[in-house]
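# Coordinate inspection notes
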Amino acid sequence: DDIMLEISELLQKGRAPLVKEKVQQALENGCSPKDILEQGLLAGMDVIGEKFRNNEVFVPEVLIAARAMNNGIAVLKPHLAAMGVESAGCVILGTVKGDLHDIGKNLVKLMLEGKGFQVVDLGVNVSAEQFVKAAQEHDADIVCCSALLTTTMTEMKSVEQALRDAGLREKVKFMVGGAPVTQAFADSVGADCYTPDAATCAEEALRLCRA
Ligand code: B1M
């Protein structure tokens, strides 16, 4: 469909006001909100995610595309809620205690939302207790931890232990990432999954929830 392609391409270029306009127009033309979301907005974000992973676009482009996507989603939101488009699952996300870096985490949030997850973003400097409390309150499927410092990544072990102590470890998947984190480190803290980038994180989250 032409208008879907247009929405996807405008999103990739980060043209927020035009994305908003086109989404509105598509709705007026009778396109379903679900199609606009999946074939327009998410299709565009998938392209950006893939290019980001391949170093063809960088953080500023992703943030601008994200803003365009948020504009489009804002128009769709009332219609999607009315249709009850199913959530892929609930994710608790945060940067670990002592760590204030949030750019990567925000990208992870975006990609997860792009895949249809409800994301509870606890922000930065999040303690193990806060992760556990949020997981309980929201009946979460996944807890995602980000860390950018070699001095704070060890905090991930505390989060895993706290989930275990709260009896949540069977139910909740534990995913970790961030620049200093490696597969070997993720294994050492008992994580279910390590991914090197935000797009892969969202894909693996979907896989874990469907497994
Ligand atoms: Co900081 N900093 N910083 N810093 N900072 C680094 C991380 C550092 C490598 C710079 C350096 O020295 N070369 C270094 C860490 C060294 C180490 O630990 N070995 C460092 C340091 C030392 C510090 C301070 C201690 C500096 C100081 O005050 N002396 C201080 C610590 C503050 C604190 O956290 N307590 C500090 C502060 C800051 C700023 C506040 C100035 C700012 C953060 C602003 C913000 O986030 N709002 C900042 C920045 C911007 C950086 C660099 C330059 C860039 C980080 C970034 O945002 N990258 C960084 C150097 C560098 O990496 N080049 C550096 C872009 C982002 C998209 O990548 O977060 O890796 P990243 O996310 C990636 C993947 O890792 C992955 O997805 C993203 C891509 O798709 N990912 C996940 C992330 N989380 C994931 C979770 C997942 C899966 C994937 O699953 C759950």
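All values derive from a computational prediction rather than experimental measurement.

### What to know about the pattern of salt bridges
Counted under the stated rule, the structure contains 14 salt bridges. Asp 121 is the partner of Lys 109 in a salt bridge, and the nearest nitrogen-oxygen pair spans 3.8 Å. Note that Lys 109 is positioned in helix H5 (residues 103-114) and Asp 121 in strand E2 (residues 117-121), a separation of twelve residues in sequence. Owing to a relative accessible area of 25%, Lys 109 belongs among the partly exposed residues under this scheme. In this structure, Glu 204 and Arg 207 form a salt bridge, with 2.6 Å as the shortest nitrogen-oxygen distance.

### Brief notes about unusual backbone geometry
Even without being glycine, Asn 55 reaches a positive phi, approximately 60°. The residue Asp 139 is not glycine, and still its phi comes out positive at about 50°. Along the polypeptide, Asp 139 turns up in the loop between helix H6 (128-137) and strand E3 (142-146).

### Focus: the site of the ligand
Taken together, 27 residues form the shell around the ligand, and within it Leu 100, His 101, Asp 102, Ser 146 and Thr 150 come nearest. Within the contact set of the ligand, an oxygen atom lies 2.8 Å away from a backbone nitrogen or oxygen of Thr 150. When contributions to the shell around the ligand are tallied by element, the ones reaching two or more residues are H5, E3, strand E4 (173-177) and helix H9 (198-210). Broken down by element, the shell around the ligand gets its largest block of residues, four residues, from H5. By residue class, the composition of the shell around the ligand is 16 nonpolar, eight polar and three charged.

### With respect to the coordination of the cobalt atom of the ligand
In this structure the cobalt atom of the ligand is ligated by exactly one protein donor, His 101 (NE2), at 2.1 Å. By the element assignment, His 101 lies in the loop between strand E1 (89-95) and H5.

### Quick word on the pairing of E2
Bridge analysis of E1 against E2 gives five bridges, and the strand direction is parallel. Bridging from a neighbouring strand, Ile 92 pairs with Val 120 of E2. A crossover connection joins E1 to the parallel E2 through H5; in handedness this β-α-β unit is right-handed.

### Looking at the packing of helix H1 (residues 2-12) against helix H3 (residues 33-53)
When two helices pack together, their arrangement is given by the angle between the helix axes and by the axis-to-axis distance. The N-to-C vectors of H1 and H3 enclose an angle of 40°; their axes lie 8 Å apart at closest approach. Note that H1 runs across H3; the crossing there is right-handed. Residues Met 4, Ile 7, Ser 8, Leu 11 and Gln 12 of H1 lie in contact with H3, whose contacting residues are Asp 35, Ile 36, Gln 39, Gly 40, Leu 41, Ala 43, Gly 44, Met 45, Val 47, Ile 48 and Lys 51. A class-by-class count of the residues in the contact of H1 with H3 yields nine nonpolar, five polar and two charged.

### Remarks on the confidence of the model for the protein chain
If pLDDT is low for a region, its predicted coordinates should not be looked at in detail. Looking at the protein chain as a whole, the pLDDT averages 93, with 98% of positions reaching at least 70. The ipTM assigned to the predicted complex is 0.98, against a pTM of 0.85.

### Quick look at the sheet that holds strand E5 (residues 193-194)
Within the open sheet, the five strands sit side by side as E2-E1-E3-E4-E5. Their pairing is parallel. At either margin of the open sheet sits one strand with a lone partner, and together these are E2 and E5. The sheet contacts of H9 involve E2, E3, E4 and E5, and relative to E4 the element is tilted by about 170°.

About the cut-offs
- Residues numbered from 1 in each chain as written.
- Predicted model: local features only at pLDDT ≥ 70, side-chain atom pairs only at ≥ 80, totals over all residues.
- Heavy atoms only, no water.
- Salt bridge = Lys/Arg side-chain N within 4 Å of Asp/Glu carboxyl O.
- Helix = DSSP H or I, 4+ residues; strand = E, 2+ residues; numbered from the N terminus.
- Buried < 20%, exposed > 50% of the residue type's maximum accessible area, 1.4 Å probe, protein only.
- Near = heavy atom within 4 Å.
- Polar contact = N/O pair within 3.5 Å; in protein donor to acceptor, adjacent residues only side chain to side chain.
- Nonpolar A, V, L, I, M, F, W, Y, C, P; charged D, E, K, R; others polar.
- Donors = N, O, S within 2.8 Å, 3.2 Å for Na, K, Ca; no water.
- Pairing = 2+ DSSP bridges.
- Right-handed = clockwise from strand over helix to strand, strands pointing away.
- Axes fitted to C-alpha atoms, helices over the stretch in contact; angles between N-to-C directions.
- Left-handed = near helix turned anticlockwise from the far one by under 90°.
- Contact = heavy atoms within 4.5 Å.
- pLDDT = per-residue confidence, 0-100.

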